[in-house]
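So you can see what is in the structure, the chains are spelled out below.
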Amino acid sequence: MVVEKSADFEVPEAQIAVHWREEEYIYPPSKFIAQANAGDPAIMKRFSESNYPECFKEYADLLTWDHYWHTTLDTSNPPFWKWFVGGRLNASYNCVDRHLAKNRNKAALIWVPEIETEATQVITYQELHRRVNEFAALLSDFAGLKAGDRVTFHLPMVPELPVAMLAAARLGIIHSEVFGGFSGNAAGERIADASSHVLVTIDSYYRNGQLLDHKAKADEAVLRAHDLGFDVEKVLVFQRHAGSYGSQTPMVAGRDFFVDEVIKPYRDQLVEPVSMPAESPLFLMYTSGSTGKPKGCQHSTGGYLSYVAGTSKFYQDIHPEDTYWCMADIGWITGHSYIVYGPLALGATSVMYEGVPTYPDAGRTWRIAERLGVNIFHTAPTTIRMLRKLGPDEPAKYDYHFKHMTTVGEPIEPDVWRWYYNVVGKGEAAIVDTWWQTENGGFLGSTLPGLQPMKPGSCGPGVLGVFPVVYDEDGKVVPAGSGRAGNICIRNPWPGIFQTIWGEPERFVKTYYEKYNRDPNSHDWRDWPYFAGDGAVQASDGYFRILGRVDDVINVAGHRLGTKELESACLTLPEVAEAAAVPVIDELRGRAVEMYIALKTGFTASAEMEEKVALAIETEIGRIARPKNVWIVADMPKTRSGKIMRRIIASISNFADVGDITTLANPEIVHDIRMHVQGEKVAKGDVPRELTNSELEEIKSFGAES
Ligand code: WT7
């Protein structure tokens, strides 16, 4: 990304020096080290660059292959890497069937409903096997799906979701789960993009004590897909409470079917797992980018499953006897990799929780941990901040003991890290801060918990077999310890890397590889560094500190929202002439979204109009994207060529210096906007703390390209 030249912004954002205090190392407890899966430093040698890519055989060998592979990494068509070529396997078999012989009665999933009086569901491997087979039979026979077809799930945190995923995987059907909190329209767009004729949903689920009508979203989704020229043939509806229908929306005859009814003929049917080539796609996971359309990240079967199994073993340190709880949502990549596929490939016990971590009170999370004897705990900084805010002293009241904890999704402030370590972990747990992305399948940056010390606020070095580097804008290495930031890239392919953007191979190459590619004709992976889109600094010890996105993506509570998606949602309103989304620093969510709106002539600003804008975003994307504030302004600050200067309004929202505005076409508007926005914020008591250097740089260069 090249920042527009002006007096204040001569240095590209990625190259600006960042200063902070280096945090001290914290060493994992000796009790943890003694039992760690990666406890012998020899593992670092096995995964050293000289053993790449063969080192990943160790991950692949955690799986059961129907047919063993002959080529570890095929680079014949860069950057469309192929892993474990020649191999065949089935992901469902690896996550379910192969554990039956020794562990059929072991809990595979423990599902905790949000309503505390409702019984916890323990699903053994035996029962999981039955449920997966029945649903696979239904997908194949009733829904007519086969290997290579796509199926969309729009499911919340209910056990039916992993069952459906594993059933699809059993048949080689590519699943595409859309986060349950997303709107029906967002689901509809993803359905059309993946062209999946079948949608699997549920009537309702609990969130914050309320039974939400979820089936209503399915109707919206089908409609939106139809508008986009794609027809959904069948909607399969699970029921949150067996035998009752928790939705106000009528079932559409011939299209909507209750799973409980149509599954009856398949009771006790067994479906042979389909032996899939290692390179066949396992699932799609959509994520936001800088342009409007979400990207369908296509993940492979063999490479992906090997990678999540390996990283679950060595970085999550999962042992057979552990109770592992990742409090993410399966609707995001974290849940796919580290609630479902990784832990189940290892035959572990994975806990799933339906609801809000602080419902009905701030002790809920810790009660679940105590009751189930959770000893590995995995969550995101935004949740840690919320748990701290609502119940700073709660963890001490409960008798649980974590040996290991994870943080993922956004940078964690050292202060929040320390609360996590001391209060949640009671000083007994090793912490891994895992940096990665939807595109990556699994962790890219983290400490090995038994072998490398923790450093609050840093994710650590590259993980086993992954070699990150920080480049400046010209592709020169920014040396470790220089104190300068740059663009973090990965020098080499790894098995978990996504295969392409569904239906958009050129966009895949352009977005992730074009920037630092040395030779488009080269078949040598060394010429194809992966561009992650994050700014980072590498300390002299090799640890990375991730600074956040360098593109027009806003990371809200660990979830990526594209500014273009937010803006186009607002532009669906007939009154809106222009819309610009900017990030504001938020104490709980990391970043929140603020929308700036200019109305068409003839329309006037009002509180109703602001609400309409917020609702348009909820309808198009989902509640998670609801802006913190909507500012209706007379005009946007623009360059002479008519581009909206997002960095200026972002600076206003964050009470940062707006810099030089003399080159704008309408500099006078900046003063008006500032008076309006900051005036109201001061009145509401919504003035942010002083921003750190890196936050300031992020704000001051936001949206520089548009
Ligand atoms: C973006 C990816 C991968 C699971 C969840 C998010 C940010 C992710 C960290 C971390 C600092 C992090 C990056 C990245 N991010 N983990 N440990 N420290 N930043 O997946 O929605 O694809 O978002 O989240 O900016 O690019 P995602």
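Note that the structure is predicted; figures quoted are calculated from it, not measured.

Cut-offs and rules
- Residues numbered from 1 in each chain as written.
- Predicted model: local features only at pLDDT ≥ 70, side-chain atom pairs only at ≥ 80, totals over all residues.
- Heavy atoms only, no water.
- Helix = DSSP H or I, 4+ residues; strand = E, 2+ residues; numbered from the N terminus.
- Rg over C-alpha atoms; globule rule 2.2 N^0.38 Å.
- Areas by Shrake-Rupley, 256 points an atom, 1.4 Å probe, with all protein chains shown as cover.
- Core = buried A, V, L, I, M, F, W, Y, C linked by side-chain atoms within 4.5 Å.
- Buried < 20%, exposed > 50% of the residue type's maximum accessible area, 1.4 Å probe, protein only.
- Contact = heavy atoms within 4.5 Å.
- Axes fitted to C-alpha atoms, helices over the stretch in contact; angles between N-to-C directions.
- Parallel < 35°, antiparallel > 145°, perpendicular 65-115°, else oblique.
- Nonpolar A, V, L, I, M, F, W, Y, C, P; charged D, E, K, R; others polar.
- Pairing = 2+ DSSP bridges.
- Expected span 1.5 Å × (residues − 1).
- Near = heavy atom within 4 Å.
- Polar contact = N/O pair within 3.5 Å; in protein donor to acceptor, adjacent residues only side chain to side chain.
- Phe/Tyr/Trp six-rings, centres within 6.5 Å; stacked < 30°, edge-to-face > 60°.
- pLDDT = per-residue confidence, 0-100.
- Left-handed = near helix turned anticlockwise from the far one by under 90°.
- 1 Å grid on protein atoms, 1.4 Å probe; cavity = no way out; pocket = protein on both sides within 12 Å on 5 of 7 lines; lining within 4 Å.
- Points joined across faces, edges and corners; volume = space filled by probe spheres on them.

A.B. asks: Summarise the overall build of the protein; cite the residues concerned and give the values.
C.D. replies: Check the secondary structure of the protein and you find 21 helices and 30 strands. In terms of overall dimensions, the protein is globule-like: its C-alpha atoms have a radius of gyration of 25 Å, near the 27 Å expected for 706 residues. On the principal axes, the C-alpha backbone points of the protein span a range of 75 × 60 × 60 Å. Carbon and sulfur atoms make up 52% of the accessible area of the protein, which amounts to about 25,300 Å² in all.

A.B. asks: Can you lay out the nonpolar core for me, pointing to particular residues and giving the numbers?
C.D. replies: Counting residues in each nonpolar core, the largest one holds 116 residues, and the members touching the most others are Phe 56, Leu 128, Phe 135 and Tyr 341. Per-element accounting of this core gives the leading share, 9 residues, to helix 7 (residues 160–171). Not counting residues up to four positions away in its chain, the partners in contact with Tyr 341 are Ala 91, Cys 95, Met 165, Leu 166, Ala 169, His 175, Leu 282, Phe 283, Tyr 304, Leu 305, Val 308 and His 336. One finds Val 232, Ala 581, Val 593 and Ile 652 within the second-largest nonpolar core, a separate group that totals 65 residues.

A.B. asks: Can you tell me about the packing of helix 11 (residues 302–314) against helix 12 (residues 333–345), naming the residues and giving the values?
C.D. replies: Interhelical geometry of helix 11 versus helix 12 gives an angle of 85° and a closest axis separation of 8 Å. One element, helix 11, and the other, helix 12, form an angle in the roughly perpendicular class. Taking contact as the criterion, the partners of Tyr 304, Leu 305, Val 308, Ala 309, Thr 311 and Ser 312 in helix 11 are, on helix 12, His 336, Ser 337, Tyr 338, Tyr 341, Gly 342, Pro 343 and Ala 345. Of the residues contributing to the contact of helix 11 with helix 12, the split by class is 8 nonpolar, 5 polar and no charged.

A.B. asks: For the sheet that holds strand 5 (residues 121–124), give the residues involved together with the corresponding values.
C.D. replies: The strands making up a sheet associate through backbone hydrogen bonding, with each pair oriented either parallel or antiparallel. Ordered by their spatial adjacency, 7 strands build an open sheet running 5-4-17-16-18-19-20, and the pairing between neighbours is mixed. Single-partner strands in this sheet number two, and they are strand 5 and strand 20 (430–434). Across this sheet, the average inter-strand angle for adjacent strands is 20°, counted without regard to direction. Relative to strand 19 (residues 404–408), strand 18 (residues 376–379) runs parallel, the two sharing 4 bridges.

A.B. asks: Go over helix 11 with me, naming the residues and quoting the values.
C.D. replies: For helix 11, spanning 13 residues, the distance from its first C-alpha to its last is 18 Å, which sits close to the expected 18 Å at 1.5 Å a residue. Burial runs high along helix 11: 12 of the 13 residues are buried. Turning to helix 11, its buried residues are Gly 302, Gly 303, Tyr 304, Leu 305, Ser 306, Tyr 307, Val 308, Ala 309, Gly 310, Thr 311, Ser 312 and Phe 314.

A.B. asks: I'd like a description of the site of the ligand, backed by residues and values.
C.D. replies: Around the ligand lies a shell of 18 residues, among which Asp 433, Thr 434, Thr 438, Asp 534 and Arg 549 are the nearest. In this structure, Thr 434 approaches the ligand through a main-chain N or O atom, which is 2.8 Å from a nitrogen atom. In the environment of the ligand, an oxygen atom lies 2.6 Å from a nitrogen or oxygen atom belonging to the side chain of Asp 534. Looking at the shell around the ligand, the elements that each hand over two or more residues are helix 12, strand 20 and strand 25 (544–549).

A.B. asks: Now, about the packing of aromatic side chains: what can you tell me, with residues and values included?
C.D. replies: Here the structure, examined in full by the defined rule, presents 50 aromatic pairs. Residues Trp 436 and Phe 443 carry aromatic rings whose centres are separated by 5.8 Å and whose planes lie at 80° to one another, so their mutual orientation is edge-to-face.

A.B. asks: Let's hear about unusual backbone geometry: which residues, and what values?
C.D. replies: The peptide bond linking Pro 78 to Pro 79 adopts the cis configuration, its omega dihedral lying at -5°. One can find Pro 79 in the loop between strand 1 (71–74) and strand 2 (82–85). The step from Tyr 359 to Pro 360 runs through a cis peptide bond, and the omega angle for that step is -5°. Within the element layout of this structure, Pro 360 appears in the loop between strand 17 (349–353) and helix 13 (364–372). Positive phi values are uncommon outside glycine, yet Asn 208 reaches one of about 55°. By the element assignment, Asn 208 lies in the loop between strand 9 (204–207) and strand 10 (210–213).

A.B. asks: Got a sec to walk through the confidence of the model for the protein? Specific residues and values, please.
C.D. replies: Considering every residue of the protein, the mean pLDDT works out to 94; 97% of them sit at 70 or more. By mean pLDDT, helix 21 (residues 693–700) is the weakest element of the protein at 88, and helix 4 (residues 91–95) is the strongest at 99. Across residues 1–19, where pLDDT falls below 50, the model places 51 contacts with residues more than four positions away in sequence or in other chains.

A.B. asks: Describe the packing of helix 6 (residues 125–142) against helix 7, naming the residues involved and giving the relevant values.
C.D. replies: Two packed helices can be described by the angle between their axes and the distance between those axes. One can describe the packing of helix 6 onto helix 7 by two numbers: an axis separation of 8 Å at closest approach and a directional angle of 60°. For the element pair helix 6 / helix 7, the angle class is oblique. Considering the relative orientation of helix 6 and helix 7, their crossing is right-handed. Counted together, Leu 128, His 129, Arg 131, Val 132, Asn 133, Phe 135, Ala 136, Leu 139 and Ser 140 of helix 6 and Glu 160, Val 163, Ala 164, Leu 166, Ala 167, Ala 168, Arg 170 and Leu 171 of helix 7 form the full contact between these two elements. Partitioning the contact of helix 6 with helix 7 into residue classes produces 11 nonpolar, 3 polar and 3 charged.

A.B. asks: Help me get a handle on the side chain of Glu 618, residues and values and all.
C.D. replies: Among the secondary structure elements, Glu 618 is positioned in helix 18 (residues 607–620). For Glu 618, the side chain forms a polar contact with the side chain of Arg 626, separated by 2.7 Å. Not counting residues up to four positions away in its chain, the partners in contact with Glu 618 are Ser 183, Arg 623 and Arg 626.

A.B. asks: Please set out empty space enclosed by the protein residue by residue, giving values where relevant.
C.D. replies: Scanning all chains against the criterion turns up 6 cavities of 30 Å³ or more. Put simply, the second largest cavity is a space of about 60 Å³. Lining the second largest cavity are Pro 79, Phe 80, Trp 81, Trp 83, Glu 279, Ser 300, Gly 303, Pro 495, Ile 497, Phe 498, Gln 499 and Phe 508.

A.B. asks: Report on the sheet that holds strand 21 (residues 468–471), specifying residues and quantitative values.
C.D. replies: Pairing is antiparallel in the open sheet, where 4 strands are placed in the order 21-22-24-25. Looking at the sheet topology across the chains shown, the edges are occupied by strand 21 and strand 25. Taken over all neighbouring pairs, the strand axes of this sheet differ in orientation by 45° on average, direction set aside. Across 4 bridges, the pairing between strand 21 and strand 22 (residues 485–490) is antiparallel. Bridging from a neighbouring strand, Tyr 471 pairs with Asn 487 of strand 22.

A.B. asks: Could you give an account of the side chain of Thr 311, naming the residues involved and the relevant values?
C.D. replies: Relative to the helices and strands, Thr 311 resides in helix 11. Of the polar contacts made by the side chain of Thr 311, one reaches the side chain of Tyr 338; its length is 2.6 Å. In this view, Thr 311 contacts Tyr 59, Gln 316, Tyr 338 and Phe 443; residues no more than four positions away in its chain are not counted.

A.B. asks: Provide a residue-level description of the pairing of strand 10, including the pertinent values.
C.D. replies: Where strand 9 and strand 10 come together, 4 bridges link them in antiparallel fashion. By the bridge assignment, Ser 204 is partnered in strand 10 with Asp 213. Remark: 2 residues form the turn of the hairpin made by strand 9 and strand 10, two consecutive strands paired antiparallel; Asn 208 in that turn has positive phi of roughly 55°.

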